[in-house]
Amino acid sequence: MVPAHSDTRVRKTQDITPTTASDWDAPFAGQPQFGIFHSAAWSAVLNRTYGFRPVYFSTNNGNEIPALLPLMEVSSRLTGKRGISLPFTDFCEPLGTAAERKSLFENALQLGRKNGWKYLECRAEPKNFGLSDAWPSLSFYGHALEIAEDANRLFAGFKPSVQRAVRKAERSGLIVEISTKPDAVREYYSLHCQTRKRHGLPPQPFRFFRNIHEEIIARGMGFVISAKVKNRVAASAIFFHYGAKAIYKFGASDPALLDFRANNLVMWEAIQWCARAGKKTLDFGRTSLANEGLRRFKLGWGAVEHRINYFKYDFQKNTFVTDRDEVYGWHNRVFHVMPTSAARLVGALLYKHIA
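Residues numbered from 1 in each chain as written. Predicted model: local features only at pLDDT ≥ 70, side-chain atom pairs only at ≥ 80, totals over all residues. Heavy atoms only, no water.

## A short note on the overall build of the protein chain
Next, step 1: If you tally the helices and strands in the protein chain, you get 11 helices and 14 strands.
Next, step 2: For the protein chain, whose C-alpha radius of gyration is 20 Å, the value lies close to the compact-globule estimate of 20 Å for 355 residues.
Next, step 3: Projected onto the principal axes, the alpha-carbon positions of the protein chain cover approximately 60 × 45 × 35 Å.
Next, step 4: As displayed, the protein chain has an accessible area near 15900 Å², and 51% of this comes from carbon and sulfur atoms. (Helix = DSSP H or I, 4+ residues; strand = E, 2+ residues; numbered from the N terminus. Rg over C-alpha atoms; globule rule 2.2 N^0.38 Å. Areas by Shrake-Rupley, 256 points an atom, 1.4 Å probe, with all protein chains shown as cover.)

This is the structure we're talking about:
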């Protein structure tokens, strides 16, 4: 069992708002691990969309660069109250020294006991908190591509099948647009709903993507890439970036236009953008262990595969527990046949309870 005390002085920063984003990020941004998910902009997206309460822990011991554990308190009448670092986030490693990270986790446990949380989930490696008695609750594949300035060198690292798909897409007459405008987000969302239906999942509410645009894309930390055939969007994706890192966060496509290989062209354009912008890595996000098709797609770009592990502490059992990936199940068949309008309504009602 994890002890609920600490020798490191810790301050708790709560209720972070978009108006304090630039000032709040500055002390932490000097750490190379700091990324978009640690930022106040992402906090604002989660708070504005779902009403989750930011409860961010950081050291206050005179260090030039403080440690950080971003956390949201999720309170639901249906699923109870819990702490998550962070909801709808692929991964969110803590910042700071090993001792500081462990101290922050212990302080989060104290708050969880005080506030009556069911559990505390961290989307990070247990070992990065110095927790020898913890084990992963969920595991995913992660893929990261090291970006080189030479686009030809990057292209040479792709699998032959990916190279052929990119060249076919370039010859097919697709028009590629890189945009930070609201219209591009709306076009993406239309495909997002189609893609989620195809996978048997409800789409997130549009306000989630509207807030992403206002808090992240419009503030220069993201963009949308779309590939179009005669003004019809064949594929579209949303990318975030902060410092030297970029991340492929959302992707969608029109199943009727798959032969154009638009997804490949969108990704190739993103990789070239990262090279021009001086980014060091492009992260492809998490992939469910059972999704072999998506795994092959990401490996085709020469990305290096690694494991993404989460862990969860159950306050009722006073121990760490395992979980299961809820992406796959009986509900896939239901949402696959459900009308898009009904699925959007379900998603708008559901996601704030199942973060």
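## A few points about the layout of surface pockets
Summary: where empty space remains is shown by rolling a probe the size of a single water molecule over the atoms.
Next, step 1: Of the voids in this model, the second largest pocket is the one considered here, and its volume is about 560 Å³.
Next, step 2: Lining the second largest pocket are 24 residues, with Phe91, Glu93, Lys245, Asp283 and His306 positioned closest to its centre.
Next, step 3: Secondary-structure elements contributing two or more residues to the lining of the second largest pocket are strand E10 (232–242), strand E11 (245–253), strand E12 (281–288) and strand E13 (304–314).
Next, step 4: For the lining of the second largest pocket, the element with the highest residue contribution is E13, accounting for 4 residues.
Next, step 5: Residue classes in the lining of the second largest pocket are distributed as 11 nonpolar, 7 polar and 6 charged. (1 Å grid on protein atoms, 1.4 Å probe; cavity = no way out; pocket = protein on both sides within 12 Å on 5 of 7 lines; lining within 4 Å. Points joined across faces, edges and corners; volume = space filled by probe spheres on them. Nonpolar A, V, L, I, M, F, W, Y, C, P; charged D, E, K, R; others polar.)

## Some remarks on the packing of aromatic side chains
For any pair of aromatic rings, the description rests on two quantities: the centre-to-centre distance and the angle between the ring planes.
Next, step 1: Throughout the structure, instances matching the rule amount to 35 aromatic pairs.
Next, step 2: Aromatic side chains Phe88 and Phe208 sit 6.1 Å apart centroid to centroid with 50° between the ring planes, which places their arrangement in the tilted category. Remark: Phe208 occurs in helix H7 (residues 206–221) and Phe88 occurs in the loop between strand E5 (80–85) and helix H3 (98–115); sequence separation between them is 120 residues.
Next, step 3: Owing to a relative accessible area of 15%, Phe88 belongs among the buried residues under this scheme.
Next, step 4: Ring plane angle 65° and centroid distance 5.9 Å describe the contact between Phe88 and Tyr351, whose orientation is recorded as edge-to-face. Here Tyr351 lies in the segment after helix H11 (340–350) and Phe88 lies in the loop between E5 and H3, a separation of 263 residues in the sequence.
Next, step 5: Taking the relative accessible area as the measure of exposure, Tyr351 reaches 7% and is therefore buried.
Next, step 6: Sitting over the face of the ring of Tyr141, Arg295 holds its NZ or CZ atom 4.2 Å from the ring centroid.
Next, step 7: A cation over a ring is seen here: Lys312 above Tyr119, with NZ or CZ 3.9 Å from the ring centre. (Phe/Tyr/Trp six-rings, centres within 6.5 Å; stacked < 30°, edge-to-face > 60°. Buried < 20%, exposed > 50% of the residue type's maximum accessible area, 1.4 Å probe, protein only. Lys NZ or Arg CZ within 6 Å of the ring centre and 35° of its normal.)

## Remarks on the nonpolar core
Next, step 1: Counting residues in hydrophobic clusters, the biggest one holds 43 residues, and the most contacted among them are Trp42, Phe209, Ile212 and Phe240.
Next, step 2: Every element with two or more residues in this core is listed here: helix H2 (40–50), strand E4 (72–76), helix H6 (182–199), H7, E10 and E11.
Next, step 3: Judged by nonpolar contacts, the second largest core, of 35 residues, contains Leu257, Ala262, Trp268 and Trp273. (Core = buried A, V, L, I, M, F, W, Y, C linked by side-chain atoms within 4.5 Å.)

## Observations regarding the pattern of salt bridges
Next, step 1: For the structure shown, the criterion picks out 14 salt bridges.
Next, step 2: As a salt-bridge pair, Arg53 and Glu73 come within 3.2 Å of each other at their nearest N and O atoms. Placement of Arg53 in strand E2 (residues 53–59) and of Glu73 in strand E4 is noted, with a sequence separation of 20 residues between them.
Next, step 3: By relative accessible area, Glu73 is classed as buried at 9%.
Next, step 4: Each of the salt bridges in this network shares a partner with another, and the network as a whole consists of Arg48, Glu214, Glu215 and Arg219. (Salt bridge = Lys/Arg side-chain N within 4 Å of Asp/Glu carboxyl O.)

## Digging into the packing of H2 against H7
Next, step 1: It is the contact of H2 with H7, at a shortest axis distance of 9 Å, that shows an interaxial angle of 160°. Taken together, H2 and H7 sit at an angle that is classed as roughly antiparallel. H7 is crossed by H2, and the crossing has right-handed handedness. The residues of H7 that touch H2, namely those facing Ala41, Trp42, Ala44, Val45, Arg48, Thr49 and Tyr50, are Arg207, Phe208, Asn211, Ile212, Glu214, Glu215, Ile216 and Met221.
Next, step 2: Classifying every residue of the contact of H2 with H7 gives 9 nonpolar, 2 polar and 4 charged. (Axes fitted to C-alpha atoms, helices over the stretch in contact; angles between N-to-C directions. Parallel < 35°, antiparallel > 145°, perpendicular 65-115°, else oblique. Left-handed = near helix turned anticlockwise from the far one by under 90°. Contact = heavy atoms within 4.5 Å.)

## Notes on the environment of Lys102
Next, step 1: Structurally, Lys102 can be placed in helix H3.
Next, step 2: On the basis of relative accessible area, Lys102 is assigned to the partly exposed category, the value being 31%.
Next, step 3: Sequence spacing of Lys102 and Phe57 is 45 residues, and the spatial spacing of their C-alpha atoms is 11 Å.
Next, step 4: Excluding residues within four positions of it along the chain, Lys102 makes contact with Phe129 and Gly130.

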